[in-house]
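Listed below, chain by chain, are the residues.
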Amino acid sequence: MGNIAGLIGISIGAVLINNFVLSRFIGLCPFFGVSKKLSSATGMGMAVIFVMGLASSFTWLINSFILQPYHVEYLQTIVFILVIAALVQLVEMALQKYSPSLYEALGIYLPLITTNCAVLGVAIINTGLNQFTGAPFTFIESVVNGIMSGIGFMFALILMAGIREKLELADVPELLDGLPIVFITAGLMALAFLGFSGLNFFS
Amino acid sequence: MIKENLKRGIFSENPIFVLLLGLCPSLAVSTSLVNGIGMGLAATFVLTCSNVIISMIKRLIPDKVRIPCYIVVIATFVTIVQLLMKAYLPALDKQLGIFVPLIVVNCIILGRAEAYASKNNVFKSFIDGIAIGLGFTVSLSVLSIIREVLGSNKLFGLKVIPSFNPMAVFILAPGGFFTIALVMMLIRYYSNRKKV
(Lines give C-alpha, C1' and ligand atoms only; values in the text may rest on other atoms or scores of the structure.)
Protein backbone atom coordinates (compact mmCIF):
# COMPACT_ATOMS: atom_id res chain seq x y z
CA MET A 1 0.00 0.00 0.00
CA GLY A 2 1.57 3.20 -1.18
CA ASN A 3 1.55 6.49 0.58
CA ILE A 4 -1.09 7.99 -1.72
CA ALA A 5 -3.43 5.04 -1.14
CA GLY A 6 -3.08 5.59 2.59
CA LEU A 7 -3.97 9.25 2.21
CA ILE A 8 -7.02 8.39 0.08
CA GLY A 9 -8.06 5.91 2.74
CA ILE A 10 -7.79 8.57 5.42
CA SER A 11 -9.77 11.02 3.31
CA ILE A 12 -12.65 8.68 2.60
CA GLY A 13 -12.63 7.58 6.21
CA ALA A 14 -12.80 11.15 7.48
CA VAL A 15 -15.44 12.40 5.05
CA LEU A 16 -17.78 9.43 4.76
CA ILE A 17 -17.13 6.49 7.09
CA ASN A 18 -16.29 8.30 10.30
CA ASN A 19 -18.01 11.57 9.48
CA PHE A 20 -17.35 13.89 12.42
CA VAL A 21 -20.91 15.00 12.91
CA LEU A 22 -23.00 12.05 11.88
CA SER A 23 -21.05 9.12 13.21
CA ARG A 24 -18.56 10.46 15.74
CA PHE A 25 -20.92 13.05 17.30
CA ILE A 26 -18.26 15.77 17.40
CA GLY A 27 -19.12 19.37 16.59
CA LEU A 28 -22.88 19.12 17.05
CA CYS A 29 -23.40 22.60 18.51
CA PRO A 30 -22.43 24.48 15.32
CA PHE A 31 -24.12 21.74 13.29
CA PHE A 32 -27.49 22.61 14.80
CA GLY A 33 -26.72 26.27 15.42
CA VAL A 34 -25.49 27.42 12.01
CA SER A 35 -27.45 25.15 9.67
CA LYS A 36 -30.48 27.39 9.26
CA LYS A 37 -29.25 29.04 6.06
CA LEU A 38 -27.16 27.64 3.25
CA SER A 39 -24.95 30.72 3.01
CA SER A 40 -23.97 30.74 6.68
CA ALA A 41 -23.42 26.97 6.57
CA THR A 42 -20.93 27.44 3.73
CA GLY A 43 -19.11 30.21 5.60
CA MET A 44 -18.86 28.20 8.80
CA GLY A 45 -17.73 25.11 6.86
CA MET A 46 -14.93 27.01 5.13
CA ALA A 47 -13.77 28.53 8.42
CA VAL A 48 -13.74 25.10 10.08
CA ILE A 49 -11.74 23.48 7.24
CA PHE A 50 -9.18 26.30 7.39
CA VAL A 51 -8.75 26.20 11.17
CA MET A 52 -8.76 22.40 11.36
CA GLY A 53 -6.01 22.13 8.75
CA LEU A 54 -3.88 24.70 10.55
CA ALA A 55 -4.61 23.31 14.00
CA SER A 56 -3.73 19.74 13.02
CA SER A 57 -0.37 20.79 11.65
CA PHE A 58 0.53 22.96 14.66
CA THR A 59 -0.64 20.48 17.28
CA TRP A 60 1.17 17.62 15.50
CA LEU A 61 4.42 19.59 15.52
CA ILE A 62 4.02 20.54 19.18
CA ASN A 63 3.10 17.01 20.16
CA SER A 64 6.02 15.34 18.38
CA PHE A 65 8.74 17.91 19.03
CA ILE A 66 7.87 19.27 22.46
CA LEU A 67 5.44 17.10 24.40
CA GLN A 68 6.76 13.64 23.50
CA PRO A 69 10.54 14.26 23.77
CA TYR A 70 10.08 15.81 27.24
CA HIS A 71 7.49 13.21 28.36
CA VAL A 72 4.83 15.74 29.29
CA GLU A 73 2.00 14.19 27.28
CA TYR A 74 -0.36 14.73 30.20
CA LEU A 75 -0.30 18.45 29.41
CA GLN A 76 -1.79 17.65 26.00
CA THR A 77 -5.32 18.92 26.69
CA ILE A 78 -4.21 22.26 28.16
CA VAL A 79 -1.56 22.91 25.52
CA PHE A 80 -3.79 21.98 22.59
CA ILE A 81 -6.73 24.13 23.65
CA LEU A 82 -4.44 27.11 24.24
CA VAL A 83 -2.72 26.66 20.89
CA ILE A 84 -6.08 26.45 19.14
CA ALA A 85 -7.41 29.54 20.92
CA ALA A 86 -4.28 31.52 20.09
CA LEU A 87 -4.30 30.27 16.51
CA VAL A 88 -7.90 31.30 15.96
CA GLN A 89 -7.13 34.75 17.35
CA LEU A 90 -4.09 35.09 15.07
CA VAL A 91 -5.98 33.93 12.01
CA GLU A 92 -8.69 36.44 12.80
CA MET A 93 -6.22 39.31 13.10
CA ALA A 94 -4.30 38.30 9.98
CA LEU A 95 -7.47 38.00 7.92
CA GLN A 96 -8.71 41.36 9.13
CA LYS A 97 -5.47 42.99 8.00
CA TYR A 98 -4.65 41.20 4.76
CA SER A 99 -7.92 39.94 3.36
CA PRO A 100 -10.87 42.02 4.53
CA SER A 101 -13.25 40.33 2.08
CA LEU A 102 -12.46 36.87 3.43
CA TYR A 103 -12.69 38.29 6.95
CA GLU A 104 -16.12 39.61 6.13
CA ALA A 105 -17.21 36.15 5.01
CA LEU A 106 -15.65 34.10 7.82
CA GLY A 107 -15.25 36.71 10.55
CA ILE A 108 -18.24 36.03 12.72
CA TYR A 109 -17.67 32.26 12.67
CA LEU A 110 -14.04 32.34 13.76
CA PRO A 111 -14.53 33.10 17.48
CA LEU A 112 -17.13 30.32 17.64
CA ILE A 113 -14.56 27.82 16.44
CA THR A 114 -12.38 28.03 19.56
CA THR A 115 -15.00 26.15 21.53
CA ASN A 116 -15.90 23.88 18.63
CA CYS A 117 -15.05 20.38 19.76
CA ALA A 118 -14.26 19.33 16.19
CA VAL A 119 -10.97 21.22 16.17
CA LEU A 120 -9.73 19.87 19.49
CA GLY A 121 -11.17 16.49 18.54
CA VAL A 122 -9.12 16.16 15.37
CA ALA A 123 -5.98 17.29 17.21
CA ILE A 124 -6.48 14.54 19.79
CA ILE A 125 -7.33 11.91 17.17
CA ASN A 126 -4.07 12.81 15.39
CA THR A 127 -2.06 11.92 18.47
CA GLY A 128 -3.44 8.38 18.42
CA LEU A 129 -2.87 5.59 15.94
CA ASN A 130 -3.84 5.74 12.28
CA GLN A 131 -6.54 3.10 11.88
CA PHE A 132 -5.42 2.27 8.34
CA THR A 133 -1.74 1.70 8.96
CA GLY A 134 -1.78 0.96 12.68
CA ALA A 135 1.16 3.34 13.12
CA PRO A 136 1.17 6.87 14.58
CA PHE A 137 0.04 9.62 12.20
CA THR A 138 2.80 11.24 10.14
CA PHE A 139 2.78 14.99 9.60
CA ILE A 140 1.21 14.77 6.12
CA GLU A 141 -1.35 12.24 7.29
CA SER A 142 -2.44 14.36 10.20
CA VAL A 143 -2.82 17.48 8.03
CA VAL A 144 -4.83 15.49 5.47
CA ASN A 145 -6.93 14.05 8.28
CA GLY A 146 -7.57 17.54 9.64
CA ILE A 147 -8.60 19.04 6.31
CA MET A 148 -10.68 16.05 5.29
CA SER A 149 -12.48 15.92 8.63
CA GLY A 150 -13.27 19.60 8.08
CA ILE A 151 -14.62 18.79 4.62
CA GLY A 152 -16.74 16.02 6.13
CA PHE A 153 -18.09 18.51 8.65
CA MET A 154 -18.90 21.03 5.92
CA PHE A 155 -20.51 18.31 3.80
CA ALA A 156 -22.88 17.33 6.62
CA LEU A 157 -23.55 20.99 7.48
CA ILE A 158 -24.45 21.91 3.90
CA LEU A 159 -26.69 18.86 3.46
CA MET A 160 -28.46 19.77 6.67
CA ALA A 161 -28.85 23.44 5.72
CA GLY A 162 -30.33 22.46 2.37
CA ILE A 163 -32.87 20.20 4.05
CA ARG A 164 -33.70 22.81 6.69
CA GLU A 165 -34.38 25.47 4.08
CA LYS A 166 -36.96 23.15 2.51
CA LEU A 167 -38.34 22.20 5.93
CA GLU A 168 -39.30 25.84 6.52
CA LEU A 169 -42.02 25.43 3.93
CA ALA A 170 -43.18 22.00 5.07
CA ASP A 171 -46.16 21.34 7.28
CA VAL A 172 -44.66 19.87 10.46
CA PRO A 173 -46.78 18.51 13.35
CA GLU A 174 -46.89 21.01 16.19
CA LEU A 175 -45.04 18.83 18.68
CA LEU A 176 -42.15 18.27 16.29
CA ASP A 177 -41.90 21.82 15.00
CA GLY A 178 -38.52 23.47 15.38
CA LEU A 179 -35.65 21.46 16.77
CA PRO A 180 -37.17 17.99 17.25
CA ILE A 181 -37.79 17.59 13.52
CA VAL A 182 -34.21 18.73 12.88
CA PHE A 183 -32.93 16.03 15.21
CA ILE A 184 -35.02 13.43 13.41
CA THR A 185 -33.66 14.66 10.08
CA ALA A 186 -30.13 14.36 11.45
CA GLY A 187 -30.97 10.83 12.61
CA LEU A 188 -32.13 9.84 9.13
CA MET A 189 -28.97 11.33 7.64
CA ALA A 190 -26.88 9.40 10.15
CA LEU A 191 -28.77 6.25 9.17
CA ALA A 192 -27.83 6.87 5.54
CA PHE A 193 -24.21 7.46 6.52
CA LEU A 194 -24.15 4.13 8.35
CA GLY A 195 -24.23 2.61 4.88
CA PHE A 196 -20.76 4.00 4.20
CA SER A 197 -19.27 1.85 6.93
CA GLY A 198 -19.35 -0.93 4.33
CA LEU A 199 -16.70 1.02 2.38
CA ASN A 200 -13.85 -0.51 4.32
CA PHE A 201 -10.83 -0.58 2.03
CA PHE A 202 -8.02 -1.99 4.05
CA SER A 203 -9.51 -4.63 6.26
CA MET B 1 -31.81 28.57 47.81
CA ILE B 2 -30.23 25.18 47.28
CA LYS B 3 -33.58 23.64 46.42
CA GLU B 4 -34.38 26.42 43.96
CA ASN B 5 -31.00 26.04 42.31
CA LEU B 6 -31.44 22.30 41.92
CA LYS B 7 -34.88 22.78 40.42
CA ARG B 8 -33.50 25.32 37.99
CA GLY B 9 -30.60 23.11 37.00
CA ILE B 10 -32.68 19.99 36.45
CA PHE B 11 -35.90 21.45 35.01
CA SER B 12 -36.25 25.05 33.90
CA GLU B 13 -32.64 25.52 32.78
CA ASN B 14 -31.84 21.92 31.98
CA PRO B 15 -28.60 22.16 30.00
CA ILE B 16 -29.36 19.51 27.38
CA PHE B 17 -33.09 19.62 26.70
CA VAL B 18 -33.82 23.30 27.30
CA LEU B 19 -30.60 25.19 26.63
CA LEU B 20 -29.29 22.68 24.07
CA LEU B 21 -25.73 22.91 25.37
CA GLY B 22 -23.24 20.09 25.52
CA LEU B 23 -24.91 17.99 22.86
CA CYS B 24 -21.82 16.21 21.58
CA PRO B 25 -20.90 14.27 24.72
CA SER B 26 -24.54 13.67 25.59
CA LEU B 27 -25.31 11.98 22.30
CA ALA B 28 -22.02 10.17 21.92
CA VAL B 29 -21.72 8.76 25.41
CA SER B 30 -25.33 7.86 26.19
CA THR B 31 -25.07 4.37 24.69
CA SER B 32 -25.15 2.81 28.16
CA LEU B 33 -26.22 4.01 31.60
CA VAL B 34 -22.80 3.43 33.16
CA ASN B 35 -21.15 5.61 30.52
CA GLY B 36 -23.81 8.28 30.86
CA ILE B 37 -23.48 8.55 34.63
CA GLY B 38 -19.68 8.44 34.43
CA MET B 39 -19.61 11.27 31.92
CA GLY B 40 -22.18 13.27 33.89
CA LEU B 41 -20.25 13.01 37.13
CA ALA B 42 -16.94 13.84 35.45
CA ALA B 43 -18.50 16.97 33.92
CA THR B 44 -20.12 17.87 37.27
CA PHE B 45 -16.75 17.65 39.00
CA VAL B 46 -15.07 19.87 36.41
CA LEU B 47 -17.97 22.33 36.38
CA THR B 48 -18.11 22.70 40.16
CA CYS B 49 -14.35 23.07 40.63
CA SER B 50 -13.95 25.51 37.76
CA ASN B 51 -16.93 27.56 38.97
CA VAL B 52 -15.36 27.84 42.43
CA ILE B 53 -11.90 28.78 41.17
CA ILE B 54 -13.20 31.25 38.61
CA SER B 55 -15.42 33.02 41.13
CA MET B 56 -12.37 33.27 43.42
CA ILE B 57 -10.07 34.81 40.84
CA LYS B 58 -12.64 36.84 38.91
CA ARG B 59 -11.21 40.16 40.15
CA LEU B 60 -7.65 39.26 39.13
CA ILE B 61 -8.48 38.46 35.51
CA PRO B 62 -8.37 41.36 33.05
CA ASP B 63 -11.58 41.52 31.08
CA LYS B 64 -9.99 41.11 27.64
CA VAL B 65 -8.25 37.80 28.30
CA ARG B 66 -10.94 36.26 30.48
CA ILE B 67 -11.96 33.49 28.03
CA PRO B 68 -8.43 32.02 27.67
CA CYS B 69 -8.05 32.23 31.47
CA TYR B 70 -11.30 30.34 32.00
CA ILE B 71 -10.24 27.74 29.45
CA VAL B 72 -6.94 27.16 31.26
CA VAL B 73 -8.73 26.66 34.58
CA ILE B 74 -11.20 24.25 32.98
CA ALA B 75 -8.48 22.36 31.10
CA THR B 76 -6.55 21.89 34.35
CA PHE B 77 -9.50 20.17 36.01
CA VAL B 78 -10.18 18.11 32.90
CA THR B 79 -6.58 16.89 33.01
CA ILE B 80 -7.06 15.94 36.67
CA VAL B 81 -10.19 13.97 35.76
CA GLN B 82 -8.38 12.34 32.84
CA LEU B 83 -5.48 11.16 35.01
CA LEU B 84 -7.76 9.98 37.85
CA MET B 85 -9.96 8.08 35.43
CA LYS B 86 -6.99 6.42 33.73
CA ALA B 87 -5.71 5.31 37.14
CA TYR B 88 -8.88 4.13 38.85
CA LEU B 89 -11.50 3.50 36.15
CA PRO B 90 -9.54 2.34 33.09
CA ALA B 91 -12.54 0.51 31.59
CA LEU B 92 -14.76 3.61 31.72
CA ASP B 93 -11.90 5.71 30.38
CA LYS B 94 -11.62 3.42 27.36
CA GLN B 95 -15.39 3.60 26.74
CA LEU B 96 -15.57 7.39 26.93
CA GLY B 97 -12.37 7.73 24.92
CA ILE B 98 -11.91 11.09 23.24
CA PHE B 99 -14.90 12.58 25.07
CA VAL B 100 -13.00 12.90 28.36
CA PRO B 101 -10.53 15.50 27.01
CA LEU B 102 -13.39 17.06 25.06
CA ILE B 103 -15.04 18.11 28.34
CA VAL B 104 -12.82 21.19 27.94
CA VAL B 105 -14.90 22.45 25.04
CA ASN B 106 -18.23 21.47 26.58
CA CYS B 107 -20.23 24.68 26.16
CA ILE B 108 -22.05 24.15 29.47
CA ILE B 109 -18.89 24.65 31.51
CA LEU B 110 -17.59 27.72 29.71
CA GLY B 111 -21.14 29.06 29.59
CA ARG B 112 -21.59 28.81 33.37
CA ALA B 113 -18.16 30.35 33.96
CA GLU B 114 -19.06 33.32 31.79
CA ALA B 115 -22.68 33.74 32.81
CA TYR B 116 -22.62 32.83 36.50
CA ALA B 117 -19.27 32.28 38.20
CA SER B 118 -17.77 35.51 36.92
CA LYS B 119 -20.58 37.50 38.56
CA ASN B 120 -21.37 35.64 41.80
CA ASN B 121 -19.58 34.71 45.01
CA VAL B 122 -17.81 31.42 45.71
CA PHE B 123 -20.60 29.68 47.62
CA LYS B 124 -23.30 30.56 45.08
CA SER B 125 -21.08 29.42 42.20
CA PHE B 126 -20.37 26.15 44.00
CA ILE B 127 -24.11 25.45 44.37
CA ASP B 128 -24.73 26.48 40.77
CA GLY B 129 -22.02 24.11 39.56
CA ILE B 130 -23.53 21.19 41.44
CA ALA B 131 -27.07 22.02 40.31
CA ILE B 132 -26.28 22.40 36.62
CA GLY B 133 -23.95 19.39 36.78
CA LEU B 134 -26.70 17.25 38.28
CA GLY B 135 -29.11 18.51 35.62
CA PHE B 136 -26.62 17.34 33.00
CA THR B 137 -26.15 13.97 34.72
CA VAL B 138 -29.91 13.40 35.06
CA SER B 139 -30.56 14.24 31.40
CA LEU B 140 -27.70 12.01 30.30
CA SER B 141 -29.10 9.17 32.41
CA VAL B 142 -32.56 9.61 30.88
CA LEU B 143 -31.10 9.46 27.38
CA SER B 144 -28.90 6.48 28.25
CA ILE B 145 -31.72 4.52 29.88
CA ILE B 146 -33.94 4.90 26.81
CA ARG B 147 -31.12 4.06 24.43
CA GLU B 148 -29.74 1.13 26.38
CA VAL B 149 -33.12 -0.50 27.02
CA LEU B 150 -34.29 -0.11 23.42
CA GLY B 151 -30.91 -0.75 21.86
CA SER B 152 -29.50 -3.66 23.83
CA ASN B 153 -32.30 -4.51 26.31
CA LYS B 154 -29.91 -4.21 29.24
CA LEU B 155 -29.28 -1.97 32.24
CA PHE B 156 -26.06 -2.36 34.25
CA GLY B 157 -25.53 -5.59 32.28
CA LEU B 158 -28.88 -7.12 33.33
CA LYS B 159 -31.68 -8.03 30.97
CA VAL B 160 -34.72 -5.74 31.35
CA ILE B 161 -37.70 -6.90 29.33
CA PRO B 162 -37.96 -10.65 28.68
CA SER B 163 -38.81 -11.65 25.11
CA PHE B 164 -38.02 -8.26 23.60
CA ASN B 165 -35.82 -8.09 20.56
CA PRO B 166 -33.49 -5.06 20.98
CA MET B 167 -33.23 -2.58 18.13
CA ALA B 168 -29.51 -2.12 17.66
CA VAL B 169 -29.99 1.16 15.79
CA PHE B 170 -30.66 2.89 19.12
CA ILE B 171 -27.12 2.39 20.37
CA LEU B 172 -25.69 3.44 17.01
CA ALA B 173 -25.36 7.07 15.93
CA PRO B 174 -28.87 7.59 14.44
CA GLY B 175 -30.54 6.34 17.62
CA GLY B 176 -28.98 9.18 19.58
CA PHE B 177 -30.67 11.77 17.38
CA PHE B 178 -33.99 9.93 17.44
CA THR B 179 -33.93 9.59 21.23
CA ILE B 180 -33.26 13.26 21.88
CA ALA B 181 -36.02 14.22 19.44
CA LEU B 182 -38.38 11.87 21.27
CA VAL B 183 -37.54 13.29 24.70
CA MET B 184 -37.89 16.88 23.50
CA MET B 185 -41.24 16.00 21.98
CA LEU B 186 -42.48 14.51 25.26
CA ILE B 187 -41.29 17.55 27.23
CA ARG B 188 -43.14 19.82 24.82
CA TYR B 189 -46.27 17.66 25.05
CA TYR B 190 -46.37 17.90 28.84
CA SER B 191 -45.58 21.60 29.01
CA ASN B 192 -48.29 22.30 26.41
CA ARG B 193 -50.80 20.31 28.42
CA LYS B 194 -49.95 22.25 31.57
CA LYS B 195 -50.71 25.54 29.84
CA VAL B 196 -54.18 24.46 28.68
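Residues numbered from 1 in each chain as written. Chains lettered and ligands numbered in written order. Predicted model: local features only at pLDDT ≥ 70, side-chain atom pairs only at ≥ 80, totals over all residues. Heavy atoms only, no water.

Some details on the overall build of chain B
The condition is simple: Per the convention used, a helix needs a DSSP run of H or I reaching at least four residues, while a strand needs a run of E reaching at least two, with both numbered from the N terminus. Throughout, the radius of gyration refers to the C-alpha atoms, and the reference size of a globule is 2.2 Å times the residue count to the power 0.38. Burial classes follow relative accessibility: with a 1.4 Å probe on protein chains only, a residue under 20% of its type's maximum area counts as buried, one over 50% as exposed, and anything between as partly exposed. Contacts were defined at the residue level, with two residues in contact if any of their heavy atoms lie within 4.5 Å. The protein chains shown are the only cover counted for residues, whose accessible areas, like all others here, come from Shrake-Rupley with a 1.4 Å probe.
From N to C terminus, chain B includes 8 helices and 2 strands. For chain B, the sequential pattern of α-helices and β-strands runs α-α-α-α-α-α-α-β-β-α. Expected size for 196 residues packed as a compact globule is a radius of gyration near 16 Å; at 18 Å, chain B falls within 12% of this value. Considered along the principal axes of its C-alpha atoms, chain B spans approximately 60 × 50 × 25 Å. For chain B, the residues scored as buried account for 49% of the 196 residues in total. Taking as baseline every contact in chain B between residues at least 6 positions apart, the subset at least 24 positions apart corresponds to 73%. Carbon and sulfur atoms make up 70% of the accessible area of chain B, which totals about 9,400 Å².

Examining the overall build of chain A
Secondary structure assignment for chain A yields 9 helices and 0 strands. Listing the helices and strands of chain A from first to last along the sequence gives α-α-α-α-α-α-α-α-α. Computed over its C-alpha atoms, the radius of gyration of chain A comes to 18 Å, within 12% of the 17 Å expected for a compact globule of 203 residues. Principal-axis analysis of the C-alpha atoms gives chain A an extent of 60 × 45 × 30 Å. In chain A, 75% of the contacts between residues at least 6 apart in sequence involve partners at least 24 apart.

Quick notes on the packing of helix α1 (residues 3-17) of chain A against helix α8 (residues 139-167) of chain A
All names here are of chain A. Condition: A fitted line through C-alpha atoms serves as each axis, taken over the contacting stretch for helices, and the angle formed by two N-to-C directions is quoted from 0 to 180°. Angles below 35 degrees are treated as roughly parallel, those above 145 as roughly antiparallel, those between 65 and 115 as roughly perpendicular, and all remaining angles as oblique. In a left-handed crossing the near helix is turned counterclockwise from the far helix by less than a right angle, and in a right-handed crossing that turn is clockwise. Under this grouping Gly is polar, as are all residues other than the nonpolar Ala, Val, Leu, Ile, Met, Phe, Trp, Tyr, Cys and Pro and the charged Asp, Glu, Lys and Arg.
Where α1 meets α8, the axes come as close as 7 Å, and the angle between the chain directions of the two elements is 30 degrees. In this view, α1 runs roughly parallel relative to α8, as classed from their interaxial angle. Crossing of α1 over α8 shows right-handed handedness. Residues Leu7, Ile10, Ser11, Ala14, Val15 and Leu16 of α1 touch α8, and the partners they reach there are Ile140, Glu141, Val144, Asn145, Met148, Ser149, Ile151, Gly152 and Phe155. Across the contact of α1 with α8, the residue classes tally to 10 nonpolar, 4 polar and 1 charged.

Description of the interface of chain B and chain A
Basically, it comes down to this: When two parts are brought into contact, each loses some accessible area as probed by a 1.4 Å sphere; the total of that loss over both is the buried area. Any carboxyl oxygen of Asp or Glu that lies within 4 Å of a side-chain nitrogen of Lys or Arg is treated as forming a salt bridge with it. Any N or O atom pair separated by 3.5 Å or less is treated as a polar contact, with the protein-specific requirement of one donor-capable and one acceptor-capable atom, and with residues adjacent in sequence counted only for side-chain atom pairs.
Counting residues at the interface gives 36 residues for chain B, matched by 36 residues for chain A. Taken over both partners, the interface formed by chain B and chain A buries close to 3,100 Å², and the fraction arising from carbon and sulfur atoms is 86%. Run the count over chain B and chain A and you get 0 salt bridges. Applying the counting criterion to the chain B and chain A interface returns 4 residue pairs in polar contact (both at pLDDT 80 or more). Mapped by element, the contributors of at least two residues to the side of chain B that touches chain A are α2 (23-29), α4 (66-88), α6 (107-117) and α8 (173-195) of chain B. Looking at the side of chain B that touches chain A element by element, the count peaks at 12 residues for α8(B). Residue composition of the side of chain B that touches chain A, grouped by class: 29 nonpolar, 6 polar and 1 charged.

Section: a nonpolar patch on the surface
Keep this limit in mind: In this analysis, a patch consists of residues with relative accessible area above 30% that form no salt bridge, clustered at 9 Å for like charges and at 5 Å for the nonpolar side chains Val, Leu, Ile, Met, Phe, Trp and Tyr.
Side chains of A:Leu61, A:Phe65, A:Ile66, A:Tyr70, A:Phe139 and A:Ile140 sit close together on the surface and give an oily, nonpolar patch of about 630 Å² of accessible area. Along the chain, the position of A:Ile140 falls in helix α8.

Considerations on helix α7 (residues 117-127) of chain A
Most of α7(A) is tucked away, with 10 of its 11 residues classed as buried. Of the surrounding elements, those touching the buried residues of α7(A) are α3 (38-67), α4 (76-98), α6 (110-114) and α8 of chain A together with α2 of chain B.

What to know about the nonpolar core
To keep things clear, this is the line we draw: Only buried residues count toward a nonpolar core, which is a set of Ala, Val, Leu, Ile, Met, Phe, Trp, Tyr and Cys residues joined through side-chain atoms within 4.5 Å.
If you look at the biggest cluster of nonpolar residues, it comprises 101 residues, and the most contacted ones within it are A:Leu22, A:Leu28, A:Phe31, A:Phe32, A:Leu120, B:Phe177 and B:Ile180. Every residue in contact with B:Phe177, bar those within four places of it in the chain, is listed here: A:Val21, A:Leu22, A:Phe25, A:Leu28, A:Phe32, A:Phe183, A:Ala186, A:Gly187, A:Ala190 and B:Leu27. Grouped together as the second largest cluster of nonpolar side chains are 5 residues, A:Leu7, A:Trp60, A:Phe137 and A:Val144 included.

Some details on the pattern of salt bridges
Residues and elements named next belong to chain B. Enumeration according to the criterion identifies 3 salt bridges over all chains in this entry. In this structure, the salt-bridge partner of Asp128 is Arg112, at a minimum N-O distance of 2.9 Å. Of this pair, Asp128 sits in helix α7 (residues 122-152) while Arg112 sits in helix α6, and the two are 16 residues apart along the sequence. Via salt bridges that share partners, Asp63, Arg66 and Glu114 belong to a single interconnected network.

Observations concerning the confidence of the model for chain A
Rules: You can read pLDDT as the predictor saying how much it trusts each residue, on a scale of 0 to 100.
Residues of chain A with pLDDT of at least 70 account for 94%, and the chain-wide mean is 84. By mean pLDDT, the top-scoring element of chain A is α8(A) (91), and the lowest-scoring one is α6(A) (72).

Description of unusual backbone geometry
Residue and element names in this part refer to chain A. With a phi close to 60 degrees, Phe25 is a non-glycine residue in the positive phi region. Among the secondary structure elements, Phe25 is positioned in the loop between α1 and α2 (28-33). A positive phi angle, near 55 degrees, is found at His71, a position not held by glycine. For His71, the location among the structural elements is in the loop between α3 and α4.

Here we look at the environment of A:Trp60
Residue and element names in this part refer to chain A. Looking at the secondary structure, you find Trp60 in helix α3. Expressed as a C-alpha distance, the spacing of Trp60 and Thr127, which sit 67 residues apart in the sequence, is 7.2 Å. Residues within four places of Trp60 in sequence aside, it is in contact with Phe65, Asn126, Phe137, Thr138, Phe139 and Ser142.

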